[in-house]
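Here is how the chains run, residue by residue.
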Amino acid sequence: MASPYEKMLEDALGAYQRQRENLTAAKERIDEATGTATSARREVTATVGRTGEVTELTFPTSAYKRMAPAELAGVIVRTIAQARQQAIDASAEQLAPMLPPGFSAHDLMAGKVDVEALFAARVPGFEGGQEND
């Protein structure tokens, strides 16, 4: 018969394994996040990956042929920006459940979160980058 401590250890290890599996699955979903946007008049469609790299750029209609180069360039840049925002939103949606209450996944991804405060909220005794003794 297992002692109460062995049961507690077994439960803790099981919880750790489940959390690790959940984090691994979430990371995979974040890594696969993409965003796709099409300009208002359908001149261009852009798809970007999680880090904002353009993975596909298509011209669904011939409308781009009637545009001045500077105008087309502006439409392309704006469409890529919209696709990037969609990729950020998709990544943030996967990240949000892993953050403590009060922390924004969008802010974290934009570098607007105090990382020390994030760890202090998640790790008992963590303050100022050092553990308290």
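To keep things clear, this report deals only with the structure shown in the data block. (Residues numbered from 1 in each chain as written. Predicted model: local features only at pLDDT ≥ 70, side-chain atom pairs only at ≥ 80, totals over all residues. Heavy atoms only, no water.)

Take a nonpolar patch on the surface next. On the surface, Val54, Leu57 and Phe59 cluster together into a nonpolar patch covering about 220 Å² of accessible area. Take Phe59: it is sitting in the loop between strand 3 (54-58) and helix 2 (69-95). Accessibility expressed as a relative area gives 34% for Phe59, which makes it partly exposed. (Patch = residues over 30% accessible without salt bridge, like charges linked within 9 Å, V, L, I, M, F, W, Y side chains within 5 Å. Areas by Shrake-Rupley, 256 points an atom, 1.4 Å probe, with all protein chains shown as cover. Salt bridge = Lys/Arg side-chain N within 4 Å of Asp/Glu carboxyl O. Helix = DSSP H or I, 4+ residues; strand = E, 2+ residues; numbered from the N terminus. Buried < 20%, exposed > 50% of the residue type's maximum accessible area, 1.4 Å probe, protein only.)

Quick look at unusual backbone geometry now. A positive phi angle, near 65°, is found at Arg42, a position not held by glycine. Note on Arg42: relative accessible area 44%, which makes it partly exposed.

Overall, antiparallel pairing links the three strands, which are arranged 1-2-3 in an open sheet. The outermost strands of the open sheet, each flanked by one partner alone, are strand 1 (35-38) and strand 3. Adjacent strand axes in the sheet meet at a mean angle of 10°, parallel and antiparallel pairs treated alike. One ladder, built from four bridges, connects strand 2 (residues 45-48) with strand 3; its direction is antiparallel. Note on strand 3: the bridge partner recorded for Ala46 is Leu57. Of the strands in this sheet, strand 1, strand 2 and strand 3 are in contact with helix 2, which crosses strand 1 at around 145°. (Pairing = 2+ DSSP bridges. Axes fitted to C-alpha atoms, helices over the stretch in contact; angles between N-to-C directions. Contact = heavy atoms within 4.5 Å.)

Okay, the nonpolar core next. Listed in full, the eleven residues of the largest apolar core are Ala37, Val44, Ala46, Val48, Met67, Leu72, Val75, Ile76, Ile80, Ala83 and Ala87. When contributions to this core are tallied by element, the ones reaching two or more residues are strand 2 and helix 2. Element by element, the count of residues in this core is highest for helix 2, at six residues. Ignoring any residue separated from it by four or fewer positions in sequence, one finds Val44 in contact with Ala37, Thr38, Ser39, Leu57, Thr58, Phe59, Pro60, Val75, Ile76 and Thr79. (Core = buried A, V, L, I, M, F, W, Y, C linked by side-chain atoms within 4.5 Å.)

Here helix 2 contains 27 residues, and its C-alpha end-to-end distance of 39 Å stays within 8% of the 39 Å for a straight helix at 1.5 Å per residue. Residues of helix 2 that are buried include every one of Leu72, Gly74, Val75, Ile76, Thr79, Ile80, Ala83, Ala87, Ser91, Ala92 and Leu95, and no others. Buried-residue contacts for helix 2 involve helix 1 (4-31), strand 1, strand 2, strand 3 and helix 3 (105-109). (Expected span 1.5 Å × (residues − 1).)

Where helix 1 meets helix 2, the axes come as close as 9 Å, and the angle between the chain directions of the two elements is 175°. The pairing of helix 1 with helix 2 is recorded here as roughly antiparallel in orientation. In this structure, helix 1 uses Ala26, Arg29 and Ile30 to contact helix 2, whose residues at the interface are Ser91, Gln94 and Leu95. Taken together, the residues that form the contact of helix 1 with helix 2 break down as three nonpolar, two polar and one charged. (Parallel < 35°, antiparallel > 145°, perpendicular 65-115°, else oblique. Nonpolar A, V, L, I, M, F, W, Y, C, P; charged D, E, K, R; others polar.)

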